[in-house]
Amino acid sequence: MEPKHRYTPSTEAIAEEEQGNGHSGPARLLARAFAPLRKVRRLPFWAYLIVLGPGVVSAAAGNDAGGIATYAQTGASYGYGLLWSMVIITICLILVQEMCARMGAVTGKGLSDLIREQFGASWAMLAVLVLLIANAGVTISEFVGIAAAGDLFGIPGWITVPPIALVVWWLITSGSYRTVEKVFMLMSLVFFTYIIAAFLAKPDWGQVGTAIIQPKLDLQPMALQALVALIGTSVTPYMQLFVQSTVVEKGVTLSDYKYTRFDTVFGVILAQIVSMFIIVATAATLFTHGASQVDSAADAAKALEPVAGQGATLLFGLGLFGASMLAAGVLPLATAFSVTEALGFEKGVNLSFREAPVFMWLFTILLALGAVVAMIPGLPLFAVLIAVQILNGALLPILLIFIVKLASNRDIMGKYAIGPVYKTLAWAAVVLISVAVALMFGTSLFH
């Protein structure tokens, strides 16, 4: 069965979308950010290389507070020992992101919408519960990241977090968030300096290469927790929702999807390269010098000293704040949209609390929850960041099952459903992640 022909917007409709009309919330932000891509659909392949900028910046912003904490802790605790897992995780992430991007191009619908339509209200509720728990945890981690950035400069969380939470709430509800979004994205580009730091730290590249191509599975509970945390922070549920919605907002058609697929894969590879270099940099600067634990943002900042010297703290603090602030604004909003979309409630930041009570209250509660938890006195900030990634990794297999089943469903995907080989690889990824989670819980219990 062939999927129905997608609606192709007129020139006037595209112009209206580029101005942000007819959209609300993250849809409006995404439409504005990706509007230039609509203008180059009919250009040759090299032209699409020119417009990879948004994908590159988004990939950098994806290395948020939880990601930095997890990668830094991995490098400091296990050196290069878990680099092999990043290769497998990268392959899994490419498969998952490509499936979601493909579903967006074929159906023109978001992931939550498809789950509700194809599996019914009961299964949609399960998916919603997973998304709520996972994304609420990530929202908390972003405000913890903001608190950690302030802590670098001796400012306690109860001073930094409340005004930032209020500013984020105001920016989103006033519809002006897109005007500062680019600033936070640029600030998050700081983490690309870890690549330079890795080279300046002069690691043993022979050991790095060996660790990548010769997997060694450590069955100790802490090592398995680190592995699941790496999975959770790399293949986070938020990314699947985000990539499918961007494809829909870009108005990608099946005829030009190959360029979107290239952009998706390129973004994943770039983000994972940065992540691997964070591990290498912290392994070369912290692990090799006997520091086996990253307990604070200051510890993670030390890995940037080969680049910035005494300015490492400032450099890391700016990057951590930018990445955390960006995600703290977009993530709870996207979560509120996904949940209300799946359950059929009214949604939109242009609506009042009376018009869309579930949407507005969900967004506000998620934002407030993240801020309140981040202000708990004596909270081990980096430990919380890593714990959230472990939770994400544990919940991930549930969402992946929905994604693989949808992507292989010919009733909705037609000839664009994933084939036997792709389907086998996708299910293998689900099994591998599930086994890692099971091993983590099993070894922790019996240990």
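Residues numbered from 1 in each chain as written. Predicted model: local features only at pLDDT ≥ 70, side-chain atom pairs only at ≥ 80, totals over all residues. Heavy atoms only, no water.

Our next topic: the overall build of the chain. Across its full length, the chain carries 21 helices and zero strands. Taken over 447 residues, the chain has a buried fraction of 57%. Considering only residue pairs separated by 6 or more positions, the chain has 82% of its internal contacts joining residues 24 or more positions apart. For the chain, the computed accessible surface area is about 18,600 Å², with 68% contributed by carbon and sulfur atoms. (Helix = DSSP H or I, 4+ residues; strand = E, 2+ residues; numbered from the N terminus. Buried < 20%, exposed > 50% of the residue type's maximum accessible area, 1.4 Å probe, protein only. Contact = heavy atoms within 4.5 Å. Areas by Shrake-Rupley, 256 points an atom, 1.4 Å probe, with all protein chains shown as cover.)

Right, let's talk about the packing of helix α5 (residues 65-78) against helix α12 (residues 221-234) for a bit. For any two helices packed against each other, the geometry comes down to the angle between their axes and how far apart the axes lie. Where α5 meets α12, the closest approach of the two axes is 10 Å, and the angle between their N-to-C directions is 150°. One way to sum up the angle between α5 and α12 is to call them roughly antiparallel. Every pair of crossing elements has a handedness; the one defined by α5 and α12 is left-handed. Judged by residue contacts, Gly66, Gly67, Thr70, Tyr71, Thr74 and Tyr78 of α5 engage Met222, Ala223, Ala226, Ala229, Leu230, Thr233 and Ser234 from α12. Grouping the amino acids of the contact of α5 with α12 by side-chain chemistry returns seven nonpolar, six polar and no charged. (Axes fitted to C-alpha atoms, helices over the stretch in contact; angles between N-to-C directions. Parallel < 35°, antiparallel > 145°, perpendicular 65-115°, else oblique. Left-handed = near helix turned anticlockwise from the far one by under 90°. Nonpolar A, V, L, I, M, F, W, Y, C, P; charged D, E, K, R; others polar.)

Moving on, we get to the pattern of salt bridges. All told, the structure shown has four salt bridges when counted by the stated rule. A salt bridge links Glu117 to Lys109; its shortest N-O distance comes to 2.8 Å. Exposure remark for Glu117: the relative accessible area of 39% places this residue in the partly exposed category. Relative accessible area serves as the criterion here: at 31%, Lys109 is assigned to the partly exposed category. Between Asp113 and Arg116 there is a salt bridge whose closest N-O contact spans 2.6 Å. (Salt bridge = Lys/Arg side-chain N within 4 Å of Asp/Glu carboxyl O.)

Further remarks concern the confidence of the model for the chain. Parts of the model with low pLDDT should not have their predicted coordinates read in detail. Across the chain, pLDDT averages 82, with 84% of residues at or above 70. Within the chain, no element has a lower average pLDDT than helix α1 (residues 11-18), which sits at 38, and none a higher one than helix α11 (residues 205-213), at 95. Counted against residues more than four places away or in other chains, residues 4-43, with its pLDDT under 50, gives 63 contacts. When the criterion is pLDDT under 50, residues 45-51 qualifies, and its contacts beyond four places in sequence or with other chains add up to eleven contacts. (pLDDT = per-residue confidence, 0-100.)

With that settled, the discussion passes to unusual backbone geometry. Positive phi, normally seen in glycine, also occurs at Lys202, with a value near 55°. Inspection of the secondary structure puts Lys202 in the loop between α10 (193-200) and α11.

Under the 1.5 Å per step criterion, the end-to-end length of helix α18 (residues 357-374) is 26 Å for 18 residues, consistent within 8% with the ideal 26 Å. Among the residues of α18, Phe359, Met360, Leu362, Phe363, Thr364, Leu366, Leu367, Gly370, Ala371, Val373 and Ala374 are the ones counted as buried. (Expected span 1.5 Å × (residues − 1).)

Our focus in this paragraph is helix α6 (residues 83-107). Helix length check: α6, at 25 residues, gives a terminal C-alpha distance of 36 Å against a target of 36 Å (1.5 Å per residue), a fit within 8%. Burial of α6 is extensive: 21 of the 25 residues sit out of reach of the surface. At the exit of α6 stands Gly108, carrying a positive phi of roughly 70°.

With that settled, the discussion passes to the nonpolar core. Among the nonpolar cores identified, the biggest contains 135 residues, and Met99, Met103, Phe143, Tyr194, Phe316, Phe382 and Ile403 are the most heavily contacted of them. Among the elements that take part in this core, helix α7 (residues 111-152) stands out by supplying 17 residues, more than any other. Beyond its immediate chain neighbours, meaning those up to four positions away, Phe382 contacts Ala69, Ala148, Val294, Asp295, Ser296, Ala297, Ala300 and Phe316. (Core = buried A, V, L, I, M, F, W, Y, C linked by side-chain atoms within 4.5 Å.)

Applying the stated criterion across every chain, the model contains ten aromatic pairs. Relative to Phe402, the ring of Trp123 lies with its centre 6.2 Å away and its plane at 70°, an arrangement referred to as edge-to-face. Of this pair, Trp123 sits in helix α7 while Phe402 sits in helix α19 (residues 381-407), and the two are 279 residues apart along the sequence. Its relative accessible area of 47% is what places Trp123 among the partly exposed residues. Note on Phe191 and Phe316: the rings are 5.9 Å apart at their centroids and 70° apart in plane angle, and the pair reads as edge-to-face. (Phe/Tyr/Trp six-rings, centres within 6.5 Å; stacked < 30°, edge-to-face > 60°.)

Attention now goes to the side chain of Thr282. Its place among the elements puts Thr282 in helix α14 (residues 257-285). A distance of 2.8 Å separates a polar side-chain atom of Thr282 from the backbone oxygen of Ile278. (Polar contact = N/O pair within 3.5 Å; in protein donor to acceptor, adjacent residues only side chain to side chain.)

Right, let's get into the packing of α6 against α11. Remark: α6 packs on α11, axes separated minimally by 6 Å, with the N-to-C direction vectors making an angle of 50°. Our classification of the angle between α6 and α11 gives oblique. Here the hand of the crossing between α6 and α11 comes out right-handed. Together, Leu83, Trp84 and Val87 of α6 and Val208, Ala211 and Ile212 of α11 make up the contact between the two elements. Class assignment of the residues belonging to the contact of α6 with α11 gives a composition of six nonpolar, no polar and no charged.

A contiguous nonpolar surface patch, about 600 Å² in accessible area, is contributed by Phe153, Ile155, Trp158, Ile159, Leu314 and Leu318. For Ile159, the position within the fold is in helix α8 (residues 157-174). (Patch = residues over 30% accessible without salt bridge, like charges linked within 9 Å, V, L, I, M, F, W, Y side chains within 5 Å.)

Structurally, the position occupied by Gln389 is in helix α19. Judged by relative accessible area, which is 4%, Gln389 ranks as buried. Residues within four places of Gln389 in sequence aside, it is in contact with Gly66, Thr70, Ser141, Val228, Ala229, Gly232 and Thr233.

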